[in-house]
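# Summary of structural features
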Amino acid sequence: MQGKRIVLCASRKLDEMTALIEKQGGIPLVRSAQGTVFSKEEELIQEIRDIIRMKPDWMMFTTGIGVETLLEAAERGGVKEQWLETIRQAKIAVRGYKTVAALKKIGVSFVAESDDGTTRGLIRSLQSFSFTGKRVVVQLHGDTAPTLKQFLLECGALYTELLPYRHVAPDDDVLETLYDEIIEQQVDAVCFTTAMQVRFFFSFAKEKKDVERLRRAFSEKVVACAVGKVTAEALSEEGIQRIVSPELERMGAMIVTLAKYFEQR
């Protein structure tokens, strides 16, 4: 990684990652594409009440922290028991081991589970079920799941998204700087630590820049790096084919894996 300019799109653990990059001889650049996260508070409690009244046939959970946040909100709203009953009466599908652990903690079992922790894996596990006319609620963390939504709608589901948090996009100035650096090949790699960062950056490129030029830059010189499977999947859905990602889904492991990638080139 000696002399390589490495962009960090994260907004947390920056000191740790910056130190790791510098230790490997790289030059860290912070271009946060995470945006700002706000708790929805009363709005979320109302959405939970609406879902309790809906009596969904299916509930799909994609993050452990989402499961916990919804339970806390239901408790604040005085509807914890009704919320738990709603979950237990529905068929449950899950993505990710943290999500499985969070559901087990509240005694909820599931009928479908992603085999590899990705949305595509979750879709594979749902192939044998019929969703025609079924009320399906999908809990997301803030990142949209376009392939899952498309699959369920094409299967005839009545689709509802439930997001515990509200995400506000990062400043366009930061995204524009990052876009220009990639296009002009002024950086060697871009590290994404959440799928949300990927969505914000590529949405900006699609709306205000030339997204095809961006994809070409990633295929030719600039390396796209993802902290884990879900973030890598988001990059893949945006048309990025070369993605460096660690087996152990940790930020430190991501930097070490990227350093090894450059050593082997």
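Report on the accompanying structure. A quick note: this is a predicted structure, and the numbers were derived from the prediction, not measured.

Analysis parameters
Residues numbered from 1 in each chain as written. Predicted model: local features only at pLDDT ≥ 70, side-chain atom pairs only at ≥ 80, totals over all residues. Heavy atoms only, no water. Helix = DSSP H or I, 4+ residues; strand = E, 2+ residues; numbered from the N terminus. Rg over C-alpha atoms; globule rule 2.2 N^0.38 Å. Buried < 20%, exposed > 50% of the residue type's maximum accessible area, 1.4 Å probe, protein only. Contact = heavy atoms within 4.5 Å. Lys, Arg positive; Asp, Glu negative; His and termini not counted. Charge placed at Lys NZ, Arg CZ, Asp CG, Glu CD. Pairing = 2+ DSSP bridges. Right-handed = clockwise from strand over helix to strand, strands pointing away. Core = buried A, V, L, I, M, F, W, Y, C linked by side-chain atoms within 4.5 Å. Phe/Tyr/Trp six-rings, centres within 6.5 Å; stacked < 30°, edge-to-face > 60°.

### Describing the overall build of the protein
- Within the protein one finds 12 helices and 12 strands.
- Computed over C-alpha atoms, the radius of gyration of the protein comes to 20 Å, within 12% of the 18 Å expected from 2.2 N^0.38 for 265 residues, which places it in the range of a compact globule.
- Out of the 265 residues in the protein, the part that is buried amounts to 51%.
- The contacts of the protein with a sequence gap of at least 6 include a subset with a gap of at least 24, amounting to 66%.
- Computing the positive centroid from 37 side-chain charges and the negative centroid from 38, the protein places the two 3 Å apart.

### A short note on the environment of alanine 217
- Residue placement: alanine 217 occurs in helix α10 (residues 211-220).
- On the basis of relative accessibility, which here comes to 4%, the residue alanine 217 falls in the buried class.
- For the pair alanine 217 and isoleucine 183, spaced 34 residues apart in sequence, the C-alpha to C-alpha distance is 5.8 Å.
- Non-local contacts of alanine 217, meaning those with residues more than four positions away in its chain, are made with Ile182, Ile183 and Val222.

### Side note on the pairing of strand β11 (residues 223-226)
- Where burial is concerned, the two faces of β11 agree: the one with Val223 and Cys225 and the one with Ala224 and Ala226 are both buried.
- Pairing geometry for strand β10 (residues 189-192) and β11, over four bridges, is parallel. Within β11, the residue paired with alanine 189 across the bridge is valine 223.
- Direction of pairing for β11 relative to strand β12 (residues 243-244): parallel, over a ladder of two bridges. By the bridge assignment for β12, cysteine 225 is matched with valine 244.
- Read as a crossover between parallel neighbours, the route from β11 over helix α11 (residues 229-237) to β12 is right-handed.

### Some details on the nonpolar core
- In this structure, Ile182, Val190, Phe201, Phe202, Leu214 and Phe218 are the most contacted members of the largest nonpolar core, which totals 29 residues.
- In terms of residue count, the dominant contributor to this core is helix α9 (residues 195-208) (six residues).
- With sequence-adjacent residues up to four places away left out, valine 190 is seen in contact with Val7, Cys9, Leu178, Ile182, Phe218, Val222, Val223, Ala224 and Cys225.
- Ile45, Val67, Ala90 and Val137 belong to the second largest nonpolar core, which has 26 residues in total.

### Regarding the packing of aromatic side chains
- Evaluated as defined, the whole model comprises seven aromatic pairs.
- Where phenylalanine 201 meets phenylalanine 202, the ring centres are 5.7 Å apart and the plane angle is 75 degrees; that geometry is what we call edge-to-face. Per residue, the accessibility class of phenylalanine 201 equals that of phenylalanine 202, and both read buried.
- An angle of 25 degrees between the planes, with centres 6.4 Å apart, marks the rings of phenylalanine 202 and phenylalanine 218 as stacked. Of this pair, phenylalanine 202 sits in helix α9 while phenylalanine 218 sits in helix α10, placing them 16 residues apart in sequence.
- Taking relative accessible area as the criterion, phenylalanine 218 reaches 1% and is therefore assigned buried.
- Here the aromatic residues Trp58, Phe129, Phe131 and Phe151 are joined through ring pairs into a cluster of three or more.

### Notes on unusual backbone geometry
- One non-glycine residue, glutamate 41, adopts positive backbone phi at about 50 degrees.
- Position of glutamate 41 relative to the elements: it lies in the loop between β3 (36-39) and α2 (42-54).
- Even without being glycine, lysine 55 reaches a positive phi, approximately 55 degrees.
- With respect to the secondary-structure elements, lysine 55 resides in the loop between α2 and β4 (58-61).
- Given a relative accessible area of 58%, lysine 55 falls into the exposed group.

### Overview of the sheet that holds β12
- Taken in spatial order, the five strands make up an open sheet running β2-β1-β10-β11-β12, and their pairing is parallel. The open sheet terminates on both sides in strands that have one partner only, identified here as β2 (27-30) and β12.
- In terms of strand pairing, strand β1 (residues 5-8) meets β10 through three bridges, oriented parallel. When the sheet's bridge partners are listed, valine 7 is paired in β10 with valine 190.

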